[in-house]
Amino acid sequence: MNLLTQLSKYFFIFLILLFTLRDYTYLARKKEEKRRKILHGQIFILYVFEIFGFLIIYVHTQEILVPVLLVGILAYDALTLAGYRLLYPKSSMLLVNNMLMLLGIGFIMIARLNLSQALKQFVIAAGGTVIAFLIPVIIRRLRVLERLTWLYAALGLLALAGVLALAAVSGGAKLSVTVGGVTIQFSELVKITLVFFMAAKLAQSTSFRSVAVTTVIAALHVIILVLSTDLGTALVFFITYVVVVFVAAHNVLYPIAGLSGGVLASIAAYFLFGHVRQRVTAWKDPFAVYANEGYQIVQGLFAIGAGGWFGMGLMNGAPKTIPVASKDYIFAAICEEFGAVFCIALILICMNTFLLIVNISMQIRNRFYKLVAVGLGTEYAFQVFLTIGGVTKFIPLTGITLPLVAYGGSSVISTIIMLAIVQGMYMLREDEGEELERLQRYAG
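Since we're looking at a predicted model, the values are computed, not measured. (Residues numbered from 1 in each chain as written. Predicted model: local features only at pLDDT ≥ 70, side-chain atom pairs only at ≥ 80, totals over all residues. Heavy atoms only, no water.)

As for the overall build of the protein
Turning to step 1, where the next piece is worked out: Helices and strands together make up the secondary structure of the protein, namely 17 helices and four strands.
Turning to step 2, where the next piece is worked out: Over its C-alpha trace the protein gives a radius of gyration of 22 Å, about what one expects of a compact globule, namely 22 Å for 444 residues.
Turning to step 3, where the next piece is worked out: Projecting the C-alpha coordinates of the protein onto the three principal axes gives extents of approximately 65 × 60 × 40 Å.
Turning to step 4, where the next piece is worked out: Out of the 444 residues belonging to the protein, those deemed buried represent 53%.
Turning to step 5, where the next piece is worked out: Sequence-distant contacts, at least 24 apart, represent 73% of the contacts inside the protein between residues at least 6 apart.
Turning to step 6, where the next piece is worked out: Per element, the accessible surface of the protein, about 19300 Å² overall, is 69% carbon and sulfur. (Helix = DSSP H or I, 4+ residues; strand = E, 2+ residues; numbered from the N terminus. Rg over C-alpha atoms; globule rule 2.2 N^0.38 Å. Buried < 20%, exposed > 50% of the residue type's maximum accessible area, 1.4 Å probe, protein only. Contact = heavy atoms within 4.5 Å. Areas by Shrake-Rupley, 256 points an atom, 1.4 Å probe, with all protein chains shown as cover.)

What to know about helix α10 (residues 231–249)
Turning to step 1, where the next piece is worked out: Between its terminal C-alpha atoms α10 stretches 27 Å, which fits the 27 Å expected from 19 residues at 1.5 Å a residue.
Turning to step 2, where the next piece is worked out: Count one or two residues on from α10 and you reach H250, which has phi positive near 55°. (Expected span 1.5 Å × (residues − 1).)

Comments concerning unusual backbone geometry
Turning to step 1, where the next piece is worked out: Even without a glycine there, the phi angle at H250 is positive, about 55°.
Turning to step 2, where the next piece is worked out: Its location among the elements puts H250 in the loop between α10 and α11 (253–272).
Turning to step 3, where the next piece is worked out: Of note, the phi angle at L404 is positive, near 75°, even though the residue is not glycine.
Turning to step 4, where the next piece is worked out: Relative to the elements of secondary structure, L404 occurs in the loop between α16 (367–391) and α17 (409–443).
Turning to step 5, where the next piece is worked out: Note on L404: relative accessible area 2%, which makes it buried.

Observations concerning a positive patch on the surface
Turning to step 1, where the next piece is worked out: A surface patch of positive charge is lined by R29, K31, K34 and K37.
Turning to step 2, where the next piece is worked out: Here K34 shows up in helix α2 (residues 32–61).
Turning to step 3, where the next piece is worked out: What makes K34 partly exposed here is its relative accessible area of 45%. (Patch = residues over 30% accessible without salt bridge, like charges linked within 9 Å, V, L, I, M, F, W, Y side chains within 5 Å. Salt bridge = Lys/Arg side-chain N within 4 Å of Asp/Glu carboxyl O. Lys, Arg positive; Asp, Glu negative; His and termini not counted. Charge placed at Lys NZ, Arg CZ, Asp CG, Glu CD.)

Some details on the environment of K120
Turning to step 1, where the next piece is worked out: Secondary-structure assignment places K120 in helix α5 (residues 115–132).
Turning to step 2, where the next piece is worked out: With relative accessibility at 49%, the residue K120 sits in the partly exposed group.
Turning to step 3, where the next piece is worked out: Linking K120 and E379, residues 259 residues apart in sequence, is a C-alpha distance of 25 Å.

As for a nonpolar patch on the surface
Turning to step 1, where the next piece is worked out: Taken together, Y10, Y24, W309, F310, I344, L348, M351 and L355 make up a surface patch of nonpolar side chains, about 780 Å² in accessible area.
Turning to step 2, where the next piece is worked out: Looking at the nonpolar patch, the elements that each hand over two or more residues are α1 (2–25) and α15 (340–363).
Turning to step 3, where the next piece is worked out: A total of four residues in the nonpolar patch trace back to one element, the largest contributor, which is α15.
Turning to step 4, where the next piece is worked out: Assignment of secondary structure puts W309 in the loop between α13 (295–307) and α14 (330–338).
Turning to step 5, where the next piece is worked out: Note on W309: relative accessible area 55%, which makes it exposed.

A closer look at the packing of helix α4 (residues 93–113) against α14
Turning to step 1, where the next piece is worked out: In the contact formed by α4 and α14, the axes pass within 11 Å of each other and the chain directions differ by 85°. The angle between α4 and α14 places the two elements in the roughly perpendicular class. Residues I105, I108, M109, I110, R112 and L113 of α4 touch α14, and the partners they reach there are I330, A333, I334, E337 and F338.
Turning to step 2, where the next piece is worked out: Among the residues making up the contact of α4 with α14, the classes are represented as nine nonpolar, no polar and two charged. (Axes fitted to C-alpha atoms, helices over the stretch in contact; angles between N-to-C directions. Parallel < 35°, antiparallel > 145°, perpendicular 65-115°, else oblique. Nonpolar A, V, L, I, M, F, W, Y, C, P; charged D, E, K, R; others polar.)

A short note on the packing of aromatic side chains
Turning to step 1, where the next piece is worked out: Per the counting criterion, the structure on display carries 19 aromatic pairs.
Turning to step 2, where the next piece is worked out: Arranged with centres 6.3 Å apart and planes meeting at 90°, the rings of Y76 and F122 form a pair that is edge-to-face. Here Y76, found in helix α3 (residues 65–87), pairs with F122, found in helix α5; they are 46 residues apart in sequence, far enough to count as distant.
Turning to step 3, where the next piece is worked out: Judged by relative accessible area, F122 falls into the buried class, the value being 15%.
Turning to step 4, where the next piece is worked out: Members of the aromatic cluster, joined through ring pairs, are F11, F12, F49, F52, F338 and F342.
Turning to step 5, where the next piece is worked out: Above the ring of Y26, the side-chain terminus of R35 is found at 4.8 Å from the ring centroid. (Phe/Tyr/Trp six-rings, centres within 6.5 Å; stacked < 30°, edge-to-face > 60°. Lys NZ or Arg CZ within 6 Å of the ring centre and 35° of its normal.)

A closer look at the state of the cysteines
Turning to step 1, where the next piece is worked out: Applying the stated criterion across every chain yields a total of zero disulfides.
Turning to step 2, where the next piece is worked out: We note that C343 lacks a disulfide partner, and the nearest cysteine sulfur, in C335, lies 3.2 Å from it.
Turning to step 3, where the next piece is worked out: You can call C343 buried: its relative accessible area is 1%. (Disulfide = S-S within 2.5 Å.)

Observations concerning the side chain of R35
Turning to step 1, where the next piece is worked out: Looking at the element boundaries, R35 is found in helix α2.
Turning to step 2, where the next piece is worked out: Buried charge R35 goes without a salt bridge, the closest partner of opposite sign being E32 at 5.0 Å.
Turning to step 3, where the next piece is worked out: Of note is the side chain of R35, whose polar atom sits 3.5 Å from the backbone oxygen of L27.
Turning to step 4, where the next piece is worked out: Those residues in contact with R35, other than ones at most four positions away along the chain, are Y26, L27 and R29. (Polar contact = N/O pair within 3.5 Å; in protein donor to acceptor, adjacent residues only side chain to side chain.)

A look at the side chain of S92
Turning to step 1, where the next piece is worked out: Inspection of the secondary structure assignment puts S92 in the loop between α3 and α4.
Turning to step 2, where the next piece is worked out: Judged by its relative accessible area of 7%, S92 falls in the buried class.
Turning to step 3, where the next piece is worked out: Not counting the four nearest positions on each side in its chain, S92 is found in contact with Q423 and Y426.

Thoughts on the pattern of salt bridges
Turning to step 1, where the next piece is worked out: For the structure shown, the criterion picks out two salt bridges.
Turning to step 2, where the next piece is worked out: The shortest N-O distance in the salt bridge between K191 and E188 comes to 3.0 Å. Residue K191 and its partner E188 are both found in helix α8 (residues 186–204); the two are separated by three residues, about one turn of the helix.

Shown next as structure tokens:
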């Protein structure tokens, strides 16, 4: 068993490096046949990775639920791939492959930490994907989405206000509301409505008045989150606002003013909120407060150091010694058992996903959807940065989870829907390209 574990860690690294290499060679291939081979190769790697990962877990635990969960995940992968190919042949299958690989890594690591959580994560991801299959056709067909500006603002503010009024404090913040035994973190869904509001408002006009109105509504979102002490999500909203306004208006004064205000707000938050001061203190010298605030950071750093370049092997580390390892600190748990090389490849997959979204935003002609792509891409990339930066002690902890990989139902559903929106815009871009070709042929 120990030999299998030791050999498997190199096999996992080989698989993810091969998958990542194909991510970055796909766009360089101009022939459709070669692109298909790359995609099929990634799918094969995904299946082998998941089968081998759950095999290792089963050998160590002998839990009958492990192979049952594996069969469900493999069926989910196959149905998701087939669904996109049959329903949306113009969709980006590279983006689908990235999503499934990140989910697969998360399923394996969560199952290693807590099998019941992995089962819940799988059920939620499957349900979210069913919902997501409806999104691309809505993006392509419903032109009214560009005109629902104030509906997006109202939905977002009402959802956040409901959490502020009804949610119980957890970890020093009001994050979620439990309805009928189901816990919902509305801020994850408001990430989407806020981006749609800003895109709709700024697509109409980038005058000073329009930017000012956008600023006020975005500020209300952030203020409610600050009052709920959900400062990590508030920071994501703020940075997304700064980027979207800059891309829309092309005025460097707006991001300078926004970032200056953000710095002042951060200083104010430090003095107003005790748990913010605790996190900053723990970030500066976690060993000095190891028994309390610094415990999680130190355990995470120990895990990363213990994993080294090649990891200790799946089921061979001690990630359960890290508080909330399946959520905020799943990156440290992955580092311990899979190693730094594996995690670098994981970051590159996340970066490739972001670059695919940016590529869509650069090529789509519809101004509203261009800004939506910019906003969603910024939220995704900044969330990855906050998670990994916090775990590696590059920045203070924010409580943000790694999209698709970490345990969290609302986060998984939100990210799957965000990627489905991106798929809709990708197909819309393809439609625009075909329409342009027809006009050029007609003109010729």
